[in-house]
Amino acid sequence: SGWRPSAPESESVVALRGQRLHGCELIQQLGLMLALPQTAVASAAVVFQRFVASSAMGRFEVRQAAVAAASLVATDGGGEGDSKGG
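Throughout, a residue's number is its position along its own chain's written sequence, starting from 1. The predicted nature of this model means local features are confined to residues of pLDDT at least 70 and side-chain atom pairs, given and counted, to a pLDDT of 80 or more, with totals for whole chains, interfaces and linings taken over all residues. Based on all heavy atoms of the structure, the side-chain values leave hydrogens and waters out of the count.

Help me understand the overall build of the protein chain, please; the structure alone is not making it clear to me.
Numbering of helices and strands starts at the N terminus; helices are DSSP runs of H or I of at least 4 residues and strands are runs of E of at least 2. Within the protein chain, the regular secondary structure consists of three helices and zero strands. Secondary structure elements of the protein chain, listed N to C terminal, follow the sequence α-α-α. Think of it in three bands: with a 1.4 Å probe and only protein chains considered, a residue is buried below 20% of the maximum accessible area for its type, exposed above 50%, and partly exposed in between. In the protein chain, buried positions account for 23% of the 86 residues. Two residues form a contact once any of their heavy atoms are found within 4.5 Å. Within the protein chain, contacts between residues separated by at least 24 positions form 65% of all contacts whose residues are at least 6 apart in sequence. Note on areas: Shrake-Rupley, 1.4 Å probe, and residue coverage restricted to the protein chains presented here. Total accessible area on the protein chain is roughly 6300 Å²; 57% of this is exposed by carbon and sulfur atoms.

The following block contains the structure:
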């Protein structure tokens, strides 16, 4: 059940997975501390994951990227409602 790679994962893949998990945990903690709606926390996690996938992550620390994603989503309203004001 689930895809399994044929070769053991490299240390860099394992490290990246750890960074992604740590970032999402930080975002979840921020969401609890700031009483953000779950949709905002989930949106921040998606933004963080996309940033990590963009390969720009090497220039930033996980904490910086996680806080930036949470801040971006929190100031944008957490993805709730129509931003066009329609």
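Mind showing me how you'd approach unusual backbone geometry here?
A negative phi angle is the norm for most residues apart from glycine, just as the trans form is the norm for most peptide bonds. Its identity is not glycine, yet A35 carries a phi of approximately 55°, on the positive side. Assignment of secondary structure puts A35 in the loop between helix 1 (11-33) and helix 2 (38-53).

Got a minute to help me understand the packing of helix 2 against helix 3 (residues 62-75) in this structure?
To get an axis, a line is fitted to the C-alpha atoms, and for a helix only the part in contact is used. The angle between two axes follows their N-to-C directions and goes from 0 to 180 degrees. Here helix 2 crosses helix 3 at 135°, and the two axes come no closer than 8 Å. The angle between the axes of helix 2 and helix 3 places the two elements in the oblique class. The two elements helix 2 and helix 3 cross, and the hand of that crossing is right-handed. Of helix 3, the residues touching helix 2 (which contributes A40, S43, A44, V47, F48 and F51) are V62, A65, A66, A69, A70, L72 and V73. Here the contact of helix 2 with helix 3 is built from residues that sort into 12 nonpolar, one polar and no charged. Angle categories are assigned with fixed cut-offs, so that under 35 degrees is roughly parallel, over 145 is roughly antiparallel, 65 to 115 is roughly perpendicular, and the rest are oblique. Helix crossings are classified by the rotation of the near helix relative to the far one: an anticlockwise turn of less than a right angle makes the crossing left-handed, while a clockwise turn makes it right-handed. Three categories are distinguished: nonpolar for Ala, Val, Leu, Ile, Met, Phe, Trp, Tyr, Cys and Pro, charged for Asp, Glu, Lys and Arg, and polar for the others, with Gly belonging to the last.

Which parts of the structure should I look at to understand the packing of helix 1 against helix 2?
If you want to describe how two helices pack, look at the angle between their axes and the distance between the axes. In the contact formed by helix 1 and helix 2, the axes pass within 9 Å of each other and the chain directions differ by 155°. It follows that helix 1 is roughly antiparallel to helix 2 by the angle criterion. When the axes of helix 1 and helix 2 are compared, the crossing they make is right-handed. Between helix 1 and helix 2, the contacting residues are L16, Q19, R20, G23, C24, I27, Q28 and G31 on the first element and Q38, V41, A44, A45, F48, Q49 and V52 on the second.

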